[in-house]
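Fold and contact review
Single-letter residue listing:
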Amino acid sequence: MLFTLGVLLYALGVRVAAFFGNAKAKQWVEGRRKQRKELKIIDKLLGRHKGNVPATDGDWIWFHAASLGEFEQGRPVIEAIKKDYPQFKILLSFFSPSGYEVRKDYPLADEVLYLPSDTAFHAKKWLHRHHFVAAFFIKYEFWFNYMRALKNADIPLFYISLIFDEKSYFFKSYGNWFRKQLLNVTHFFVQDETTATLLKENGFDNYTVCGDTRFDRVAAIAKQARPFPEVEKFIGGRKCIIAGSTWPPDEKLLEAFVPKLPVDYCLVIAPHDVSESHVAQIEAMFPEAQRYTGINANQPTKILIVDTIGILSQLYQYARFVYIGGGFGVNIHNIQEPVTFGCPVVFGPKYGSFKEAVDLVAMQGAFSVNDAAGLEDIFSRLMNDEAFFNKASATCKTYLEQQVGATEKIMEGFKNILFLQKKA
């Protein structure tokens, strides 16, 4: 009851924020309002408003992701299910507008929706819309009323790429109620042994350690990477440093380093924010830079600004090593994409939330810097010390090889639980 009250208060808070002009909150509210109207029409046409789910509706599997990052973790499993079990339809839900707006037309999903607030009423109505045979929640998505409703309906619930640590509220002295909610989960597919140990110590044995599905996704992207002739002409035989998903503090560090960039090197900057105003700010910092959308190979320069989205993960194929932004803000961005190409990675001090970053720093495949001097030092070593660079690159390649395969383990567990146990 208290949990549901908290959910309702949160939803009210979002609506208040939307009323006072918060753009993301407004998108959250308006997206759900529009969806309610559309589903009301659809459900009436199909007779669901009378309490009847059409037999022709088929069998569905539900995937829920908070946002875009979590979707990428679930995506390899969706693709595997569509390949191995094409008879199942896929419902993909998001909590955040940033995930929904980008993936609302995802072709492998038969329906993409916002997930309504976590109340018992919404959960019952949600599960009534389709005949679900299974549900997958990705990483941290704990929706307790939905979890309970799935359990009561005898619908298996699986967690993908789950990761816990001792700081989690589930394992605190006050966490008894939260731990009990985990009894509604059929199976946990977890990232690491730490998570497995915490579950085991608290009475759970329904887990499989399989790693992070994102590695399967980025490995697939790397294999399918297409060539970029215009970028190849810009590089022109030089060695390339790529700075991906940068923010202003990251760009300040790069500005201090660029005068020391050797003549046989070039720099590609792909900012997180590719708005015209931000790209113009970067151009003011680097007057000689060219934009990707207006690249001219006949005007050689050592800096290229990527002023578009959707290509960065494939551009890493051209990098000797990579700087990843965000580490001087809330947290670093994705380092798995460059690691897939064997690129050593450099980033700021805020990286502790990502297991792969912590692991690779300890293994010296990735490096954290606190200031411009630190960046210059590690960049210089990666450029000038071939043995140091080769070791870091090999470490990244080995780490990737050890991480791939999570999707295969999940699919094997899914098959055993959903089909073999039901036959027994």
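On to the packing of aromatic side chains, then. The full count for this structure, using the stated rule, is 38 aromatic pairs. Directly above the ring of F389 sits R320, whose terminal nitrogen or CZ lies 3.8 Å from the centroid. Residue placement shows R381 over the ring face of F388; its charged tip is 3.8 Å from the ring centre.

A full pass over the atoms with the stated rule returns 19 salt bridges. The salt bridge involving K83 is made with D84; its shortest N-O contact spans 3.8 Å. With relative accessibility at 42%, the residue D84 sits in the partly exposed group. R291 serves as the salt-bridge partner of E276, at 2.8 Å between the closest nitrogen and oxygen. Of this pair, E276 sits in helix α12 (residues 276–285) while R291 sits in strand β10 (residues 290–291); the two residues are 15 residues apart in sequence, bridging distant segments of the chain. Through salt bridges with shared partners, a single ionic network connects E72, R75, E79, R103 and R217.

Counted residue by residue, strand β1 (residues 59–65) has 6 buried out of 7 residues, so it is predominantly covered. As defined by bridge partners, β1 adjoins strand β4 (residues 131–138) across 6 bridges and the pair is classed as parallel. Note that in β4 the partner of I61 across the bridge is A134. Pairing between β1 and strand β2 (residues 89–94): 6 bridges, direction parallel. Within β2, the residue paired with W62 across the bridge is L91. Traced from β1 through helix α3 (residues 68–84) to β2, the parallel crossover comes out right-handed.

A few words on the sheet that holds strand β12 (residues 321–324). Reading across from one edge, β10-β11-β9-β8-β12-β13-β14 is the order of the 7 strands in this open sheet, with parallel pairing throughout. A single partner strand is all that each edge strand has here, and the edge strands are β10 and β14 (366–368). Its contacts with the sheet put helix α16 (residues 372–384) on β8 (239–246), β9 (265–271), β12, β13 (345–347) and β14, and the angle it makes with β12 is roughly 160 degrees.

Packing of helix α11 (residues 248–257) against α12 brings their axes to within 11 Å, and their N-to-C directions diverge by 20 degrees. In terms of their interaxial angle, α11 and α12 are classed as roughly parallel. Viewed along their axes, α11 and α12 form a crossing whose handedness is right-handed. Of the residues in α12, those in contact with P248, E251, K252 and E255 of α11 are H278, I282 and M285. Looking at the contact of α11 with α12, its residues break down into 3 nonpolar, 1 polar and 3 charged.

About the criteria used
Residues numbered from 1 in each chain as written. Predicted model: local features only at pLDDT ≥ 70, side-chain atom pairs only at ≥ 80, totals over all residues. Heavy atoms only, no water. Phe/Tyr/Trp six-rings, centres within 6.5 Å; stacked < 30°, edge-to-face > 60°. Lys NZ or Arg CZ within 6 Å of the ring centre and 35° of its normal. Salt bridge = Lys/Arg side-chain N within 4 Å of Asp/Glu carboxyl O. Buried < 20%, exposed > 50% of the residue type's maximum accessible area, 1.4 Å probe, protein only. Helix = DSSP H or I, 4+ residues; strand = E, 2+ residues; numbered from the N terminus. Pairing = 2+ DSSP bridges. Right-handed = clockwise from strand over helix to strand, strands pointing away. Contact = heavy atoms within 4.5 Å. Axes fitted to C-alpha atoms, helices over the stretch in contact; angles between N-to-C directions. Parallel < 35°, antiparallel > 145°, perpendicular 65-115°, else oblique. Left-handed = near helix turned anticlockwise from the far one by under 90°. Nonpolar A, V, L, I, M, F, W, Y, C, P; charged D, E, K, R; others polar.

Distances and angles like these do not, on their own, reveal function.
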